[in-house]
Every structure is written in structure tokens, then in C-alpha cells.
Amino acid sequence: MYKDSALEILPKRHWIALGLTCLFLAALLIFIPVQQELQRRTFAYQVPLPEKTQSKPDQPEIIWDMHEIRPGENLAQLFKNRDLSPKSLYLLTQTEHGSALDRLHPGDAIGFQIENDELIAFRLEKSLYESFEFHLVDSKFNSKKIVLEPDTIESFAQGTINTSLFETGMDAGLSNSVIMQLASIFGWDVDFALDIREGDNFSLIYEEKYLDGKKVGDGDILVARFENQGRSYTAVRYADDSGYSQYYTPSGLSMRKAFLRTPVDFTRISSRFNLNRRHPILHKIRAHRGVDYAARTGTPIKAAGDGKVIFAGRKGGYGKVLILQHGSSYTTLYAHLNAFHRTIRRGKKVKQGQIVAYVGSSGLASGPHLHYEFRVNGVHRNPLTVKLPHARPIDESRKKDFMHYAQVMVMRLESHLYGDYFASR
Ligand SMILES: [Zn+2]
């Protein structure tokens, strides 16, 4: 018998071992690259994908070439700068909202989408809330107006003044516009230049406006409290039937007064109300029955309250004088005028805050100033300290509704200040 088979070179069990080894090596050769590929893919997957995470899944990201309008710019020129045909601009103006393009204002923003030198979309942003979009469809543009309604949230803030209202307001996170609102609401009761003392404090609930989770501005103050030198003032915003809003005390009195405390923007008070004053020019004891506000010649003087002109002319040492009658018991007097406002005549009605005259030094005056007098039933009162009557209170027909609303708002303010005790009652 012969054994020509190679099988005979090795014993049978060795061949089995060899076969298993080959299988194992082959498996390794296949497995290692697969493993490496898997590792590579895993790594690639962990790299952040900015485009994917930032664009909304259902809206492919559109890239607008945006431009903010500067004074003197016009669309024709801006189109020309981008080598766009005047015809594309003409087509935009022929759309439903094309007239929006008639008037551009500095600060408006426009956006272009250009493909193969052709305008395929155009955008005009009038504000954060209002924009227009034009898209090319079948060689014509369609147009749409996009109005975004900001979300309004109500925020609470408070501060204790150690420097000025402005600085404390900023520290409390209030914007300029909210601080100005605060000053104008309480400005009838508190002179923010002269009356502020350390420890005075304020608290308020006001509106903040958000678009897509981003703050875009402030709304109105809804309720606010100001404590000045131990006295507390609370104001609630309330709209009348015609939608005009004003601030009232929780009992329904207007926060506004029937009179401005000072009818002129002055540089300093040069002489106060003093019944035993020595006159600076006459050098005699002569009562000073008003307040002198030093201001430059020509500074406008405002009517302190709604009223009627009962005198406009010259009166000896007072020089040019204006006297206003307010209701039956009040008169205000403005002296040493440079001129009257051109509309001022005897018998003429004036509104509070209306410009009625200009500061001068006519008559016996040592320099340009306004001499201002305030009379109640004919008796001179100190304009700086006289208790000023409130402007018209809440209308009787709205009073019940207002009182309820004001109570709720004051409770809400106090729940922030003193915890939830009030709110939960
Ligand atoms: Zn005077």
C-alpha cells in the first residue's frame, strides 16, 4: 500500500489544529478593520454638527444678505450696487405689499437672496416686530407681511436708593425707559433732584417684551410704590374707556396733580418764598411772595395747570406778567417775562404744560429769572410746598372696576415684598 497523501505528513489531529488556527487568523483579519471602522464612525458621530443643531428641522436655513439703511440711501442705488436689474425692483413694487418699499427710513433693514445674478427673494424689516418678504415664483414676486407678537411677561423689581434713582434703578436691572417712567409717575409727589434721601426705596411690577425667548424691550409699569422720606406713594396703571392709560392712587385719585410743581426748567432757585425778605434792588424789607427760578433768557415757561389767561401785560416792577386762572380758587402768576407765547391773549384757554411765555428780566430784576406765584382763594402760598390738588380722579362709572383691579395689583406687589401671605388670601 502507498501513502501519497500529504495528509500523511502530519498526524490527523495536527491538521485539525492548523485548520482552526487559520480560521482564527482569517476571522481576525476581517474583524479588525470592521472594528476600526466602527470606532471611526463612533468618533465622527460625536463631533458636534453645528448646522444640524442650529437650524429648525422643518425650515432649511436661508441666508439673507442683510443691509441696514443709512440716511440718504435709496433702493434703486442699493439694487444697482448689487448688479440687480431695475426691473426686479419694479416687480417688487407691483406686489400686494409693494408700497411698503416706497418709504425707507434709516435703521430699516433690507435683505437679498441672489442666485445666478438674479434676485430670488427680498426682505424689508421695519422693526423687530414687522417685516415684509417677497419671493420670486414663476418670474413674478409674491409678498407677505410678517407681524410678530412679542410675549409679554411681568417682572418685579425693587431697590433701595443710596445714590440716585437712576443708579439704583440700573442696579435693580431696570432699563432707562422704565426708570424714566418711574420718575414721571412719582415726579408729581417727589422731586427726584431735591427730595431723594438715602434709604428711599421703590418696588414695581412692569412688563418685559420677548421675541423667540430674547428680550426685545420693556412695556409699561403696571403698579409701583415709592417710599420717600418715610412717606409711601402707590400708583396703579389703568386705561379709561378710550384706551388712554393713566396712573392712579389705589383709592382712584390721579397720580398727576392739577398743577406742575415748577413751570420752568431752571438752573437754580435764586430766591425762595419769604415774607420778610430784603429786596435785592430796593434794599427794603419786602415780602417775597413767590419763588424765583434762575434760567437763561428765552427758556420756555409752561402753564402750571389747565386754565384761562386773565392778564397778559406790564405791571410795574414785575415787568411783563402773565396771570392764569385755574377753576374758581387758584391763580398762578409769571413775572419778569421776556415775551409771551404768540398764542397768548386775555381770555385764552391753556392746557397744563403748554408753553405760555419765555424767561426774561423785564421790570425790576437783577438777572433773567422767572418769578412765580401761586394763590389759593387770593392768598399767596409757597409754590414749593403748597399741597397741590390732584388732577381729575377716576371716572365714577369706572370706579368699582378700578378699585377691584387696584386691590389685586397692590396685593401682587406686596406678595413680592412680604411673601405669599397676601397673594394666597
Ligand atoms: Zn421774585
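Residues numbered from 1 in each chain as written. Predicted model: local features only at pLDDT ≥ 70, side-chain atom pairs only at ≥ 80, totals over all residues. Heavy atoms only, no water.

As a reminder, the rule being used: UniProt positions are given in the numbering used here, feature names are shortened, and annotations may be inferred rather than shown by experiment.
An unreviewed UniProt entry annotates the protein chain as Membrane protein of Bermanella marisrubri. As its UniProt record puts it under Subcellular location (unreviewed entry), the protein chain is described as follows: "Cell envelope". Quoted straight from UniProt, the Cofactor (unreviewed entry) entry for the protein chain says "Zn(2+)".

## Thoughts on the overall build of the protein chain
Test applied: The secondary structure listing takes helices from DSSP runs of H or I that are at least 4 residues long and strands from runs of E that are at least 2 residues long, numbered from the N terminus. Note on classification: 1.4 Å probe, protein chains only; a residue is buried when its accessible area is under 20% of the maximum for its type, exposed when over 50%, partly exposed between these limits. Calculation of accessible area relied on Shrake-Rupley with a 1.4 Å probe; when residues are assessed, cover is drawn exclusively from the protein chains displayed.
Of regular secondary structure, the protein chain possesses 7 helices and 20 strands. The 425 residues of the protein chain split such that 36% are buried. Summed over its atoms, the accessible surface of the protein chain is roughly 26,400 Å², and 53% of this surface lies on carbon and sulfur atoms.

## Points about the pattern of salt bridges
Where we set the bar: One side-chain nitrogen of Lys or Arg within 4 Å of one carboxyl oxygen of Asp or Glu is enough to make a salt bridge.
Evaluation of the coordinates by the stated rule reveals 14 salt bridges. Put simply, D218 and K215 hold a salt bridge, and the shortest N to O gap is 2.9 Å. Measuring nitrogen to oxygen at the nearest pair gives 3.8 Å for the salt bridge that ties D306 to K351. With D306 in the loop between β13 (300–302) and β14 (307–314) and K351 in the loop between β17 (349–350) and β18 (355–359), this residue pair connects regions lying 45 residues apart in the sequence.

## Things to note about the coordination of the zinc ion
Note the following rule: Any N, O or S atom lying within 2.8 Å of the metal counts as a donor, and for Na, K and Ca the limit rises to 3.2 Å; water is left out, so some sites can look incomplete. Every angle between 85 and 135 degrees makes a four-donor site tetrahedral, while opposite donors more than 155 degrees apart, with all other angles between 65 and 115, make a four-donor site square planar and a six-donor site octahedral; other sites are irregular.
Looking at the zinc ion, the protein donor atoms are H288 (NE2), D292 (OD), D292 (OD) and H371 (ND1), and they sit 2.0 to 2.7 Å from it. Seen from the zinc ion, its 4 donor atoms lie at angles of 53 to 153°, and the figure they make is irregular. Mapped onto the sequence, the donors of the zinc ion take the spacing H-x3-D-x78-H.

## So, the sheet that holds strand β1 (residues 65–68)
Put simply, the test is: Should DSSP find at least two bridges between two strands, the strands are regarded as paired. For helices, the fitted axis covers only the stretch in contact; all axes are lines through C-alpha atoms, and the angles between them, taken along N-to-C directions, range from 0 to 180 degrees.
Across the sheet, 5 strands lie side by side as β1-β2-β3-β4-β5; this open sheet has antiparallel pairing. What marks the edges here is a single partner per strand, and that holds for β1 and β5 (140–147). In this sheet, adjacent strand axes meet at a mean angle of 20° when their direction is disregarded. When β1 meets strand β2 (residues 109–115), the two strands line up antiparallel, connected through 4 bridges. Of the residues in β2, the one forming a bridge with E68 is A109.

## Some points on helix α7 (residues 399–418)
Quick reminder of the rule: By definition here, a helix of n residues has an expected span of 1.5 Å times n minus one. We call two residues in contact whenever any of their non-hydrogen atoms come within 4.5 Å of each other.
Under the 1.5 Å per step criterion, the end-to-end length of α7 is 27 Å for 20 residues, consistent within 8% with the ideal 28 Å. Here α7 has its buried residues at F402, A406, M409, V410, L413, E414 and S415. Lining the buried residues of α7 we find β6 (151–160), β7 (201–211), β8 (214–228), β9 (231–239) and β10 (245–248). Once α7 finishes, G419 follows within two positions and takes phi at roughly 95°, a positive value.

## Remarks on the sheet that holds β8
Taken in spatial order, the 5 strands line up as β6-β7-β8-β9-β10 in an open sheet, and their pairing is antiparallel. Two strands bound the open sheet, and with one partner strand each, they are β6 and β10. Strand-to-strand twist of the sheet, defined as the mean angle between neighbouring strand axes without regard to direction, takes the value 25°. Note: β6 against β7, 10 bridges, orientation antiparallel. By the bridge assignment, F156 is partnered in β7 with I205. The strands that helix α6 (residues 176–186) touches are β7, β8, β9 and β10; relative to β8, the one it contacts most, it runs at about 30°.

## Thoughts on the packing of aromatic side chains
As a reminder of what qualifies: The pairing test for Phe, Tyr and Trp rings, Trp by its six-membered ring, is centres within 6.5 Å, and the orientation test on the planes gives stacked under 30 degrees, edge-to-face over 60, and tilted for anything in between.
This structure, assessed with the given rule, holds 14 aromatic pairs. Look at F192 and F226: their rings are 5.2 Å apart centre to centre, the planes differ by 85°, and that puts the pair in the edge-to-face class. You can see F192 sitting in the loop between α6 and β7 and its partner F226 sitting in strand β8, a full 34 residues away along the chain. Of the residues examined, F192 reaches a relative accessible area of 22% and is grouped as partly exposed. Between the aromatic rings of F266 and Y293, the centroid separation amounts to 4.9 Å while the plane-to-plane angle is 50°, which identifies the pairing as tilted.

## Description of the confidence of the model for the protein chain
Put simply, the rule is: You can read pLDDT as the predictor saying how much it trusts each residue, on a scale of 0 to 100.
For the protein chain, the average pLDDT comes to 86, and 84% of its residues sit at 70 or higher. Residue range residues 36–56 is modelled with pLDDT below 50. Its contacts to residues more than four positions away, or to other chains, number 1 contact.

## So, the pairing of β7
The two faces of the sheet receive side chains in turn, since in a regular strand these alternate between them. Of all 11 residues in β7, 8 are buried; the element is thus mostly enclosed. Sheet topology places β7 next to β8; 10 bridges connect them, and they run antiparallel. Residue pairing for β8: L204 is matched across the bridge by A224. Here β7 hands over to β8 after 2 residues, with D212 in that stretch at a positive phi of 50°.

## A word on α6
Applicable threshold: Think of the arc as the fan of directions from the helix axis to the C-beta atoms.
Looking at α6, one finds that the buried residues are V178, I179, Q181, L182, I185 and F186. The buried residues of α6 occupy one face: seen down the axis, they fall within an arc of 155°. In the core, the buried residues of α6 are packed alongside α5 (165–171), β7, β8, β9 and β10.

## Here we look at unusual backbone geometry
Non-glycine residue D138 carries a positive phi angle of around 50°. Here D138 shows up in the loop between β4 (130–137) and β5. Taking the relative accessible area as the measure of exposure, D138 reaches 70% and is therefore exposed.

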